[in-house]
Amino acid sequence: MEQLQCLDPSVEPRVSDHIPHIIDLIKQIIDNGYAYEVDGDVYFSVDKFPTYGKLSGRKLEDNRAGERVAVDTRKRHPADFALWKTAKEGEVFWESPWGKGRPGWHIECSAMSAAYLGYSFDIHGGGMDLVFPHHENEIAQSCAACDSSDISYWIHNGFVTVDSEKMSKSLGNFFTIRQVIDLYHPLALRLFLMGTHYRSPINYSDFLLESASERVFYIYQTLHDCESVLGEKDSTYDNGSIPSDTLTSINTFRSEFVASMSDDLLTPVTLAAMSEPLKTINDLIHTRKGKKQPNREESLKALETTVREVLTILGLMPTSYSEVLEQLKEKALKRAGLNEEDVLERVKERTDARKDKEYERSDAIRKELASVGIALMDSPEGTTWRPAIPLTLQEPSTTT
């Protein structure tokens, strides 16, 4: 998670360390009239909680109990759920007012969140599959214990599919983050994940990971080129010295960033909006018109600063542009089954072929490397290479 630039959690609580909190919470729910004890088991009474189902939109009469697990006839309502379960022989148990037992599945989350965040806090996350019954039951038991309990935002993420099929061990298409970042840079994976809204299903494929890798390389190469042009010059700039069209581009990007992130964290829109300032940077660096623009360096600094601020907020800012570019190239070489010497040798062979006007051989070498994700870039200074989407993975509609 550190490689993905995810922030460390403030606390990582364990249920076994919070049994007293759980027991106290259950006692409070019973005292408030929302739960009952039967033979050492404690159940939440859904009939006592009129707004049960408000998160999922489900009604009690729509729940068809007994289809997967036999209904416990001791329960007052088939949908009543366990807060405390009597321990079976050989199970781990804790002493409680109701005898030896263990917490139910849902109560531990309410108890631990209340212990560290209180009964009301801003954001509660989880997968779409937890909306019902887990989070629905969390709401019921927390509100039953404290009527002022409230969560401002419920954040439920979509599922991962692999080549449009559900990811599962049974299908043999299950893999870990460690396996992915062995071949792809962690920041490429992070950008890939942000390219789909968190509530939507996300389809994992080699083509989409390659696309994300190519995109982050373009972003960091653009900013690295900008850094090289600016060099050690004064890093300050005055908005009054920036041309109006550049200032408009910056302000538009900032506005789109705030609007999209304020709209349920629409990261795909933010990433798309980044295209315009990056294009402007490249135009200022590489085009004849851009190089002649008044106050060019001030414009470049303002644009780079704005893009860097957004990348930092998104957790996509590397420690060094040059370092991350080298790491991205190393990953690309690994995926291609090549090393730097192999590529440079092929580049030399192609250069020699071009000198000898063997253009068919030259094109064949370029295509050979492109097929494994190595794109050759010709310039007056010579030929360099960068990672690219392998031709073998590109969709038919993108090739000619």
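Just above, that's the structure.
Everything numeric in this text was worked out from a predicted model, so none of it was measured.

Criteria and thresholds
Residues numbered from 1 in each chain as written. Predicted model: local features only at pLDDT ≥ 70, side-chain atom pairs only at ≥ 80, totals over all residues. Heavy atoms only, no water. Salt bridge = Lys/Arg side-chain N within 4 Å of Asp/Glu carboxyl O. Helix = DSSP H or I, 4+ residues; strand = E, 2+ residues; numbered from the N terminus. Buried < 20%, exposed > 50% of the residue type's maximum accessible area, 1.4 Å probe, protein only. Pairing = 2+ DSSP bridges. Phe/Tyr/Trp six-rings, centres within 6.5 Å; stacked < 30°, edge-to-face > 60°. Lys NZ or Arg CZ within 6 Å of the ring centre and 35° of its normal.

This brings us to the pattern of salt bridges. In the structure shown here, the tally under the stated rule is 20 salt bridges. R74 is the partner of D39 in a salt bridge, and the nearest nitrogen-oxygen pair spans 3.4 Å. Placement of the pair is D39 in the loop between β1 (35-38) and β2 (41-44) and R74 in the loop between β2 and β3 (81-86), with a sequence separation of 35 residues. Given a relative accessible area of 61%, D39 falls into the exposed group. Residue R74 is classed as partly exposed on the basis of its relative accessible area of 29%. With a shortest N-O distance of 2.6 Å, D41 and R74 are connected by a salt bridge. Of this pair, D41 sits in strand β2 while R74 is found in the loop between β2 and β3, placing the two residues 33 residues apart along the sequence. Members of the salt-bridge network, linked through shared partners, are D39, D41, D72, R74 and K85.

Okay, the pairing of strand β10 (residues 374-379) next. Pairing of β10 with strand β11 (residues 382-387), which is carried by 6 bridges, proceeds in the antiparallel orientation. When the sheet's bridge partners are listed, A375 is paired in β11 with R386. Between β10 and β11, which pair antiparallel and follow one another directly, the connecting turn spans 2 residues.

Counted under the stated rule, the structure contains 9 aromatic pairs. Ring plane angle 70 degrees and centroid distance 6.5 Å describe the contact between Y52 and F132, whose orientation is recorded as edge-to-face. Residue Y52 is found in the loop between β2 and β3, and its partner F132 is found in helix α3 (residues 131-145); the two are separated by 80 residues along the sequence. You can call F132 partly exposed: its relative accessible area is 21%. Their ring planes at 45 degrees and their centres at 4.4 Å tell us that F175 and Y204 sit as a pair that is tilted. In this pair, F175 sits in the loop between β8 (165-166) and α4 (177-181) while Y204 sits in strand β9 (residues 202-204), placing the two residues 29 residues apart along the sequence. A relative accessible area of 22% places F175 in the partly exposed class. A network of ring pairs unites the aromatic residues Y34, F44, F49 and F81 as a single cluster. We note R58 situated over the ring of F132; from NZ or CZ to the ring centre the distance is 3.9 Å. The ring of Y36 has R76 sitting right over it, with the charged end atom 4.0 Å from the ring centre.

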